[in-house]
Amino acid sequence: SRDWSSDVCSSDLFSAAYYPLERLKAELSFRTEYTSLNRKMNFSPRLAVNYYLGDMMLSGIVGRYTQLPENDWLVRNRKLMSEVCMQYNLGMQYGYEGRFYKAELYYKDYSRLVLEETDAGTGSVLLTSGGYGYSRGVDLFFRDRISIKNLEYQLSYTYNISRSEEHTSELQ
């Protein structure tokens, strides 16, 4: 019997920023990660580009993110792969005289989600990393420090649509 509380995880992060123009910043980073629970290595590159216009910043981000499946799934199948999210963001933020506004559009493409598949011929249940899905939406944020004396408040709104095939399926 394996002691699942003794997971070993090691990771490395590299990040470099480049300023080709005074108002333009590009940042490349990547993370590598090894986890003993599923004995897998993950590589997650990310790229962010920011353009500054006075008090406004426009941004674009693309990145790959990974995470282990839940321990309950890994106990049943140690060969499950880390779940993957490819994320794409476009954003704008603006701050001026005590007020801050931020808007961001995003799209996330998920793969290798845990899928509980039933073999139609034998009825046996298998856990695989065959699930997939997506999420898309918008985040809005506002902070005000000056409208009402001695009061700071924040408002945020998120609209999200997501779809996925995970946890149950039937093999043909």
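Residues numbered from 1 in each chain as written. Predicted model: local features only at pLDDT ≥ 70, side-chain atom pairs only at ≥ 80, totals over all residues. Heavy atoms only, no water.

(A) A look at the overall build of the protein. Looking only at helices and strands, the protein has one helix and nine strands in total. Starting at the N terminus, the α and β elements of the protein follow one another as β-β-β-β-α-β-β-β-β-β. A globule of 172 residues ought to have a C-alpha radius of gyration of about 16 Å, yet the protein, at 21 Å, is considerably larger. In terms of overall dimensions, the protein has a C-alpha envelope of 65 × 30 × 30 Å along the principal axes. Residue burial in the protein is summarised as follows: out of 172 residues, 26% are buried. In the form shown here, the protein has an accessible surface area of approximately 11,300 Å², with 53% of it arising from carbon and sulfur atoms. One way to put it: in the protein the 20 positive side-chain charges average out to a point 4 Å from where the 22 negative ones average out. (Helix = DSSP H or I, 4+ residues; strand = E, 2+ residues; numbered from the N terminus. Rg over C-alpha atoms; globule rule 2.2 N^0.38 Å. Buried < 20%, exposed > 50% of the residue type's maximum accessible area, 1.4 Å probe, protein only. Areas by Shrake-Rupley, 256 points an atom, 1.4 Å probe, with all protein chains shown as cover. Lys, Arg positive; Asp, Glu negative; His and termini not counted. Charge placed at Lys NZ, Arg CZ, Asp CG, Glu CD.)

(B) Region of the structure containing the packing of aromatic side chains. Inspection of the entire model under this criterion finds nine aromatic pairs. Counting every residue linked through ring pairs, the aromatic cluster contains Tyr94, Tyr96, Tyr101, Phe142 and Tyr153. The residue whose ring lies beneath Lys108 is Tyr106, and the NZ or CZ to ring-centre distance is 5.2 Å. (Phe/Tyr/Trp six-rings, centres within 6.5 Å; stacked < 30°, edge-to-face > 60°. Lys NZ or Arg CZ within 6 Å of the ring centre and 35° of its normal.)

(C) Up close: the pairing of strand 2 (residues 24-35). Strand direction decides the pairing type here: strand 1 (residues 9-21) and strand 2, joined by 11 bridges, are antiparallel. Bridge pairing in strand 2 places Ser10 opposite Tyr34. The antiparallel hairpin formed by strand 1 and strand 2 contains two residues in its connecting segment. Here strand 2 pairs with strand 3 (residues 40-53) via 12 bridges, running antiparallel. Residue Lys25 lies in a different strand from strand 3, and its bridge partner there is Asn50. The loop that links strand 2 with its antiparallel partner strand 3 comprises four residues; one of these, Arg39, has a positive phi angle of about 55 degrees. (Pairing = 2+ DSSP bridges.)

(D) Looking closely at the nonpolar core. Counting six residues, the largest nonpolar core consists of Leu37, Trp73, Leu74, Leu80, Val114 and Leu127. Not counting residues up to four positions away in its chain, the partners in contact with Leu80 are Asn38, Lys40, Pro69, Trp73, Leu74, Val114, Leu127, Thr128 and Ser129. (Core = buried A, V, L, I, M, F, W, Y, C linked by side-chain atoms within 4.5 Å. Contact = heavy atoms within 4.5 Å.)

(E) Representation of the pattern of salt bridges in the model. The final tally for this structure, using the stated rule, is five salt bridges. Residue Lys25 is joined to Glu27 by a salt bridge in which the shortest nitrogen-to-oxygen separation is 3.7 Å. Look at Lys25 and you get buried, because its relative accessible area is 17%. With a closest N to O distance of 3.1 Å, Arg31 and Glu33 form a salt bridge. Under the relative-accessibility criterion, Arg31 is labelled partly exposed at 29%. (Salt bridge = Lys/Arg side-chain N within 4 Å of Asp/Glu carboxyl O.)

(F) Representation of the environment of Lys25 within the structure. Following the sequence through the fold, Lys25 ends up in strand 2. Expressed as a C-alpha distance, the spacing of Lys25 and Tyr52, which sit 27 residues apart in the sequence, is 8.4 Å. Apart from the residues lying within four places of it in its own chain, the contact partners of Lys25 are Ala17, Tyr18, Tyr19, Ala48, Val49, Asn50 and Tyr52.

(G) Spotlight on the environment of Glu97. Relative to the assigned elements, Glu97 resides in the loop between strand 5 (83-96) and strand 6 (99-119). On the basis of relative accessible area, Glu97 is assigned to the exposed category, the value being 55%. Among the polar contacts made by the side chain of Glu97, one reaches the side chain of Tyr96 at a distance of 2.9 Å. (Polar contact = N/O pair within 3.5 Å; in protein donor to acceptor, adjacent residues only side chain to side chain.)

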